[in-house]
Amino acid sequence: METIWARGQGRGGEVVRKGARETLVPGPGALAVQSGLQSQRSLLPLAQCSSLQEVAENQDRIQLPAQILALLGCRVGVNVLVTEPALVERLSLTLYHTLRNEFLASETRSGAAAGEARRRRRRGQLLQLLVELQEAVQQGLPVVGRFLTEYLAVWDGQQHFTVVLKLISQVQITDFKELYDCLLEPVMAHYQTYSVIQQTVVLSYLGELLRAWAVTEHKRFNTVDQGESGSIFPINSKHCENSVQSILELSRHLGELATLSLARAQEQEEDTDLLVSRVFDMYKINQKCMMKQGVPVRQIGR
């Protein structure tokens with residue numbers, strides 16, 4: 001049967017005790033309507049919808065989940081957010097507090113191995129849902145950028161490695177110094193301890209960030225309203241003065257890291273085939289994208 005909800009979410013059965021939760025995304029159950037039998041009949045809970053078409057046809061009478069965070073597990077959540085700007089603010093506030101409570105306020109807590117494994121799974125699921133949401137709206141969420149700034153300050157460089165890097169690759173364009181101070185410097189603190197494979201992964205995701213800035217963010221930044229009118233979530237470009245300069249400086253940093261990784265691998269007599277192949281492909285694809293988008297930046301390795 002077709003469903004718009006993530007697997008296991010549509011049933012709405014939730015564990016009350018936080019430590020025993022398998023997911024941080026609440027079920028889609030709606031609050032009971034208290035304004036009479038007729039009003040209850042006229043509303044259609046989103047939890048009962050099975051397709052985007054059904055949601056679109058009943059847009060004026062859709063009843064949202066009691067907890068806004070449930071929309072993260074809904075395949076048409078973005079379509080619902082478009083209908084009401086206030087929902088975006090509500091989701092952002094709830095999301096930030098959830099991320100802070102789970103990833104930062106819980107850092108000092110300890111527990112049994114089973115509890116730690118459960119916590120890691122539910123955290124990973126939430127981060128992956130954020131990746132998917134940002135892919136769907138084609139922009140980084142300011143609230144996610146704020147969370148990353150705080151989380152990376154205490155990050156061990158290993159937990160949720162790939163999904164953290166993927167989230168970094170989706171942030172909105174900003175001055176390179178701001179990017180480096182808030183997000184890249186904490187990653188660089190671990191870079192020398194990474195294996196060649198891990199360094200290659202870091203380079204790949206930073207290459208994705210460079211490509212996103214060149215293809216999407218540069219065009220958005222240079223429109224009259226910097227893309228505000230066509231965006232679901234707020235545009236946060238107050239720290240960016242020149243999109244081309246930001247792209248140029250990120251490109252230079254990427255080249256320096258690639259050179260550092262290659263030199264280290266050769267010094268330690270490690271296999272460099274994957275590193276060289278990925279970096280070469282990244283340079284080739286990114287340069288083509290920048291030429292196509294008219295971004296006057298030429299990538300040069302160091």
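Note that the structure is a prediction, hence the values are computed from the model and not measured.

Criteria and thresholds
- Residues numbered from 1 in each chain as written.
- Predicted model: local features only at pLDDT ≥ 70, side-chain atom pairs only at ≥ 80, totals over all residues.
- Heavy atoms only, no water.
- Helix = DSSP H or I, 4+ residues; strand = E, 2+ residues; numbered from the N terminus.
- Buried < 20%, exposed > 50% of the residue type's maximum accessible area, 1.4 Å probe, protein only.
- Contact = heavy atoms within 4.5 Å.
- Areas by Shrake-Rupley, 256 points an atom, 1.4 Å probe, with all protein chains shown as cover.
- Phe/Tyr/Trp six-rings, centres within 6.5 Å; stacked < 30°, edge-to-face > 60°.
- Salt bridge = Lys/Arg side-chain N within 4 Å of Asp/Glu carboxyl O.
- Core = buried A, V, L, I, M, F, W, Y, C linked by side-chain atoms within 4.5 Å.

**Some details on the overall build of the protein chain**
Scanning the protein chain from N- to C-terminus turns up 11 helices and two strands. Counting from the amino terminus, the protein chain carries its helices and strands in the arrangement α-β-α-β-α-α-α-α-α-α-α-α-α. Put simply, the protein chain has 302 residues, and 47% of those count as buried. Restricting to contacts in the protein chain with at least 6 residues of sequence separation, those with at least 24 account for 70%. If you sum the accessible surface of the protein chain, you get close to 16000 Å²; carbon and sulfur atoms cover 51% of it.

**Points about the packing of aromatic side chains**
Evaluated as defined, the whole model comprises five aromatic pairs. Note on Phe176 and Tyr180: the rings are 6.0 Å apart at their centroids and 40° apart in plane angle, and the pair reads as tilted. Of this pair, Phe176 and Tyr180 both sit in helix α8 (residues 176-191), separated by four residues, roughly a single helical turn. On the accessibility criterion, Phe176 (13% relative accessible area) is buried. Members of the aromatic cluster, joined through ring pairs, are Phe103, Phe147 and Tyr151.

**Section: unusual backbone geometry**
Where the residue is not glycine, phi is negative for most of them; where a peptide bond is considered, it is trans in most cases. The phi dihedral of Gln138 falls on the positive side, at around 60°, and the residue is not glycine. Considering the arrangement of structural elements, one finds Gln138 in the loop between α5 (113-137) and α6 (142-152). Despite not being glycine, Glu269 has its phi angle at roughly 60°, a positive value. Here Glu269 shows up in the loop between α10 (243-267) and α11 (273-293). Taking the relative accessible area as the measure of exposure, Glu269 reaches 75% and is therefore exposed.

**Observations regarding the pattern of salt bridges**
Enumeration according to the criterion identifies 11 salt bridges in this entry. Two residues, Glu22 and Arg118, come together in a salt bridge whose shortest N-O distance is 3.3 Å. Taken together, the positions of Glu22 in the segment before α1 (37-42) and Arg118 in helix α5 put the pair 96 residues apart, joining distant regions of the chain. For Glu102, the salt bridge identified is with Arg123, shortest N-O distance 3.4 Å. With Glu102 in helix α4 (residues 85-104) and Arg123 in helix α5, this residue pair connects regions lying 21 residues apart in the sequence. A relative accessible area of 1% places Glu102 in the buried class. By sharing partners, the salt bridges in this structure join Glu22, Arg118 and Arg121 into a single network.

**Section: the nonpolar core**
Core analysis: the largest hydrophobic core is formed by 83 residues, its most contacted members being Leu46, Leu95, Leu127, Leu179, Val202 and Ile247. Considering every element that reaches this core, the biggest residue donor is helix α9 (residues 196-221), with 10 residues. Other than its neighbours up to four places away in sequence, Leu95 contacts Leu69, Leu72, Leu126, Leu130, Leu141 and Val143.

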